[in-house]
Amino acid sequence: MQNWITKRHAMRKSPAGKFPRRHLALAASTLIALGLALLLLPGENAEAKRTAIPLDLELTPSRVSTAPEVAPVVAEQAWKEIPVKNGDSLSAIFSRADLSPQDLHELLSSSTKAKALNKIRPGQKLSFKISDDGQLDAMSFQIDKLNSIVFERGVTGFTTTKMTETPEIRQRVASATITSSLYRAAQDAGVSQGIIMELANIFGGVLDFVYDVRKDDYFIVIYEELYLNGELLSSGQILAAQYFNRGKSFEAYRYINKQGEVDYFSEAGESMRKAFLRAPLDFTRISSGFNPKRLHPVFKTVRPHRGVDYAAPRGTPVYAAGDGRVADAGYSKANGNYVFIKHGEAYMTKYLHLHKRAVSKGDRVRQRETIGWVGSTGYATGPHLHYEFLLNGVHRNPATIVKQLPAPKKVAAGAMPEFKAQIAGMQLQLRTYAAQRNYTGVDAG
């Protein structure tokens, strides 16, 4: 009995003995659950391994890279250039470019500007842009170095655009001393044929380049040259020129009036363009002058020669001596191919033995317009132009009658201040170059 009492007393004194049995069971269960939870939590090393996974490998949408997408590079279509050769047709060029007749038809029917393609010439260029499936996307037609037409395929067909390059304009000065002819001297100075012809045209009303020209005459000309990308394309307009003949100076200045009309005038404002040219062509020599008692070279009889014969190579252009209307043009056994021009009521000029005629009866012509070409048709022993000048129906000597004709037109009195201001710069340049040439004895170039 004593032992049982002792044991019960000991249980009351221990801490566990203070709680009921069911409380102890509950506490034990809680401790077991907490232990299991601690076992399931990842340790320090496990956390380190988890956070070491790169972010860009996660598939969460918010983790996708936001860098801009780079579009694939598409090569621009290259132009395929095909030059126009002798004998080429548009269909032949399209065939050479591997394009179909359908492409050609669509292009030609696209606009009225496409009609220019029917006049292609050797030396011009056609460039094509062709799609991967062989269809024509665009074509460029180079008319000349400054102008081209571009055709581009659109939704409803081809659109047409005219493209024009603007050339750079530079001034050039040239001068030369005459040793044999104006043409040879200018050519030796590097002056283009077009400028030489224009120079002769400007002074053609005051100088006869066969009768009047003398050795040691000299000229100075200021003119434009047109450049594109550093390449000389062509000569432009003559701005001013001076010709020294037997101690006398002739000056000509380009002048544009308020109406936009362009002409060449002397320093005093007198037009260099006379009513008639001194000679209606650029000729080699006078083979026979005006002579009422000349021995005819074919019939060997004395017959009056009522005109002037100008010897020149076959094909040399013949110009209208003045403005007028073609009164007659045709062929006769004696005259060969001929042209007669009526200039108002009082004057008529006649041109005989032409190789070909460029005008017909009734045509209006302007001074220095080509009316035919030198030949030897009719009663002629060789290529030359027979030229006659009639005043009120009477033959006059063409070499002297022009000096008796009415004075040329002048700049209007009210426009003289503007004229003087417009030519002042050219005057200064001409005089500077003339002084330099006279001082050094060397032609400016």
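Residues numbered from 1 in each chain as written. Predicted model: local features only at pLDDT ≥ 70, side-chain atom pairs only at ≥ 80, totals over all residues. Heavy atoms only, no water.

Participant: Account for the overall build of the protein chain, with residues named and values stated.
Facilitator: Helix and strand counts for the protein chain come out as 9 helices and 20 strands. The buried share of the protein chain, reckoned over its 445 residues, is 37%. A sequence separation of at least 24 residues applies to 59% of the contacts in the protein chain between residues at least 6 apart. Summed over its atoms, the accessible surface of the protein chain is roughly 26900 Å², and 54% of this surface lies on carbon and sulfur atoms. (Helix = DSSP H or I, 4+ residues; strand = E, 2+ residues; numbered from the N terminus. Buried < 20%, exposed > 50% of the residue type's maximum accessible area, 1.4 Å probe, protein only. Contact = heavy atoms within 4.5 Å. Areas by Shrake-Rupley, 256 points an atom, 1.4 Å probe, with all protein chains shown as cover.)

Participant: Can you explain the sheet that holds strand β10 (residues 262-265)? Please cite residues and give values.
Facilitator: Remark on secondary structure: sheet strands pair via backbone hydrogen bonds, oriented parallel or antiparallel. Across the sheet, 5 strands lie side by side as β6-β7-β8-β9-β10; this open sheet has antiparallel pairing. The open sheet is flanked by β6 (168-177) and β10, the only strands paired with a single partner. With strand direction ignored, the average angle separating the axes of adjacent strands in the sheet is 25°. Inspection of the sheet shows strand β8 (residues 231-245) paired to strand β9 (residues 248-256) by 6 bridges, in the antiparallel sense. Across the sheet, the residue bridging to Gln242 is Glu251, located in β9. Helix α7 (residues 193-203) rests against β7 (218-228), β8, β9 and β10 of the sheet, and its axis sits at about 35° to β8. (Pairing = 2+ DSSP bridges. Axes fitted to C-alpha atoms, helices over the stretch in contact; angles between N-to-C directions.)

Participant: Which residues make up the confidence of the model for the protein chain, and what values go with them?
Facilitator: When pLDDT is averaged along the protein chain, the result is 80; 76% of the residues meet or exceed 70. Below pLDDT 50 for its whole length, residues 44-65 participates in 2 contacts with residues either more than four positions away or in separate chains. The model gives residues 294-300 a pLDDT under 50, and that stretch makes 14 contacts with residues more than four places away or in other chains. (pLDDT = per-residue confidence, 0-100.)

Participant: Any chance you could break down the nonpolar core for me, citing the residues and the numbers?
Facilitator: One broad trend across soluble globular proteins is that nonpolar side chains are buried collectively. Membership of the largest hydrophobic core comes to 27 residues, with the highest contact counts inside it found for Val339, Tyr351, Ile371 and Leu385. Where this core is concerned, the elements lending two or more residues are β12 (308-311), β14 (324-332), β15 (336-343), β16 (347-357), β18 (370-374) and β19 (384-391). No other element matches β19, which puts 4 residues into this core. Counting 25 residues, the second-largest nonpolar core is a separate cluster that includes Ile178, Ala186, Val191 and Phe219. (Core = buried A, V, L, I, M, F, W, Y, C linked by side-chain atoms within 4.5 Å.)

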